[in-house]
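Examining the three-dimensional arrangement
The chain contents come next:
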Amino acid sequence: MGMTMTQKILAAHAGVDSVKAGDLITCSLDLVMANDITAPPSIAEFKRIGRPVFDKDKIVLVPDHFQPAKDIKSAGLAKIVRDFAREHHITHYFEQGRVGIEHALLPEKGLVGPGMVTIGADSHTCTYGALGGFSTGVGSTDLGVAMAIGRAWFKVPDGIKVTLTGAKPSDITGKDVILKLIGMIGVDGALYQSLEFEGPGVKTLSMTDRFTIANMAIEAGAKNGIFPVDERTEAYIESRYHGPKVVVTPDPDACYAREVTIDLSSMKPVVSFPHLPENAKEVGTFGEIKIDQVVIGSCTNGRLEDLAIAASIIKGHKIHPDVRCIVIPATPQIYKDAMHAGYIDTFIDAGCAVSTPTCGPCLGGYMGILASGEKCVSTTNRNFIGRMGPTDSEIYLAGPQTAAASAVLGRIAAPKEVK
């Protein structure tokens, strides 16, 4: 029986010729990552083991969730991470002013690439599957052990083949694609399975689109999401990633639990209604929904292309007087590039608040908490009850083009509505 892309990568890192869904294996790890929330308990577990770190060059510590420190507790968490990095001479520790949102920062820095096995104590570690590697989130205990021994155990996931056909329209982004998919299969539709993206439509997706789609594989319950390596992937990693590059393709007789097809050419902008990402609806199929806040950023949609899309819609307009719009570039480099391109001027001139890179409002941390009863259109990845504030507030997930249009018009809107 043939193997999927995910299964091939796991087999290679387990040192075996082949694996099948359900096998329990132990794999060597190419990279382990934690942030300011998840690293402290991982460090505590690591200290119980009483061993040195397995490789100071293969551990990445990214204090991005509550940083710059929002209060005394978050400052203390950051200090735990900082002290650990200094004690163990961790190569890839990112201090304030140099840190970005982890899942945008690691690809940008060339720390992840094709064929790698990466684990992170954050559920959206699956982002790096956009580059043709296996990456997944783990708990802080597993991460602490991994920092000591450089290995982790996995149950080999079954796969769902997602075939993308057609060409992506100009008003569609990867966010619309993944929200549509989650709407089709549900938030548990890929539970502990691998979302394997294939088909002729893949070539019409930018790397930003692919990062966004892989990032939200977890919102369908998936263990990971993965894309094939093609010319776009090669171009992205050419000047960034200098590690071993192992390109895998699925076997012709690879076995999948199910297959799903999405025709990109037929798509329209999608919004996920509260309080689950699966509540996906096309913009224009529902009545007017006035909003109070818009967030453009996060590990899902804070990349330069996202900001460029948003700026192109907002340029020449003002944010609606009843709306607060927060823009968060995902890394310092993205911030600089956006500034040089004039996007930051566009946002500020329109009345947006522009933040230093941080996860901030995505997890209800800070920098954009909602008040009771307020509604927010957000390019983040989750819209659970109470995610961004009181339990009676509402989050509508959308792509940067829809978020920007909504910020200008004061209601959930399609980009074509902004004249």
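Our structure's up above, just so we're on the same page.
Everything quoted here is computed from the prediction, not taken from an experiment. (Residues numbered from 1 in each chain as written. Predicted model: local features only at pLDDT ≥ 70, side-chain atom pairs only at ≥ 80, totals over all residues. Heavy atoms only, no water.)

Remark: helix α6 (residues 174-185) packs on helix α7 (residues 207-215), axes separated minimally by 8 Å, with the N-to-C direction vectors making an angle of 30 degrees. If you check the angle between α6 and α7, you find them roughly parallel. α7 is crossed by α6, and the crossing has right-handed handedness. Along the contact surface, α6 presents Gly-174, Lys-175, Val-177 and Ile-178, while α7 presents Asp-209, Thr-212 and Ile-213. Grouping the amino acids of the contact of α6 with α7 by side-chain chemistry returns three nonpolar, two polar and two charged. (Axes fitted to C-alpha atoms, helices over the stretch in contact; angles between N-to-C directions. Helix = DSSP H or I, 4+ residues; strand = E, 2+ residues; numbered from the N terminus. Parallel < 35°, antiparallel > 145°, perpendicular 65-115°, else oblique. Left-handed = near helix turned anticlockwise from the far one by under 90°. Contact = heavy atoms within 4.5 Å. Nonpolar A, V, L, I, M, F, W, Y, C, P; charged D, E, K, R; others polar.)

To continue, consider the pairing of strand β7 (residues 151-155). Taking every second residue as pointing to the same face, the buried face of β7 carries Ala-152 and Phe-154, while none of Arg-151, Trp-153 and Lys-155 on the other face is buried. Relative to β7, strand β1 (residues 24-28) is paired through five bridges, and the arrangement is antiparallel. In the strand pairing of β7, Cys-27 is matched with Ala-152. (Buried < 20%, exposed > 50% of the residue type's maximum accessible area, 1.4 Å probe, protein only. Pairing = 2+ DSSP bridges.)

This brings us to the nonpolar core. Membership of the largest hydrophobic core comes to 40 residues, with the highest contact counts inside it found for Val-294, Ile-296 and Phe-347. Those residues within four positions of Ile-296 in sequence are excluded, and the remaining contacts are Asn-301, Leu-307, Ala-310, Cys-325, Ile-326, Val-327, Ile-328, Thr-379, Ala-403 and Ala-404. Ranked by size, the runner-up nonpolar core spans 36 residues in total, among them Ile-43, Phe-46, Tyr-93 and Ile-119. (Core = buried A, V, L, I, M, F, W, Y, C linked by side-chain atoms within 4.5 Å.)

This brings us to helix α3 (residues 72-87). The end-to-end C-alpha distance of α3, which contains 16 residues, comes to 22 Å, matching closely the 22 Å that a straight helix rising 1.5 Å per residue would cover. Among the residues of α3, Ser-74, Leu-77, Ala-78, Val-81, Phe-84 and Ala-85 are the ones counted as buried. Buried positions in α3, seen along its axis, are confined to an arc of 125 degrees and lie on one side of it. Seen from the open side of α3, the exposed residues pointing more than 90 degrees away from its buried face are Ile-72, Arg-86 and Glu-87. Residues of α3 that are buried sit in contact with β2 (31-35), α2 (39-49), β3 (59-62), β4 (92-93) and α5 (140-149). (Expected span 1.5 Å × (residues − 1). Arc of directions from axis to C-beta.)

Inspection of the entire model under this criterion finds 14 salt bridges. Here Arg-82 makes a salt bridge to Glu-95, at a shortest N to O gap of 2.6 Å. In this pair, Arg-82 sits in helix α3 while Glu-95 sits in the loop between β4 and α4 (102-108), placing the two residues 13 residues apart along the sequence. (Salt bridge = Lys/Arg side-chain N within 4 Å of Asp/Glu carboxyl O.)

Turning next to the sheet that holds β4. Strands in a sheet are paired, the pairing made by backbone hydrogen bonds, and the direction either parallel or antiparallel. Strands sit in the order β4-β3-β2-β5-β6 across an open sheet of five strands; the sheet is parallel. Looking along the sheet, the strands with just one partner apiece sit at the ends: β4 and β6 (134-137).

Mapped onto the fold, Asp-142 is located in helix α5. It is 8.3 Å that separates the C-alpha atoms of Asp-142 and Ala-121, two residues lying 21 residues apart in sequence.

Since the α-helix advances by 3.6 residues per turn, residues separated by three or four positions end up pointing in the same direction. Along helix α1 (residues 5-14), seven of the ten residues are buried, which leaves the element largely enclosed by surrounding structure. For α1, the set of buried residues is Met-5, Thr-6, Gln-7, Ile-9, Leu-10, Ala-11 and His-13. Where α1 terminates, the next one or two residues include Gly-15, which has phi positive at roughly 75 degrees.

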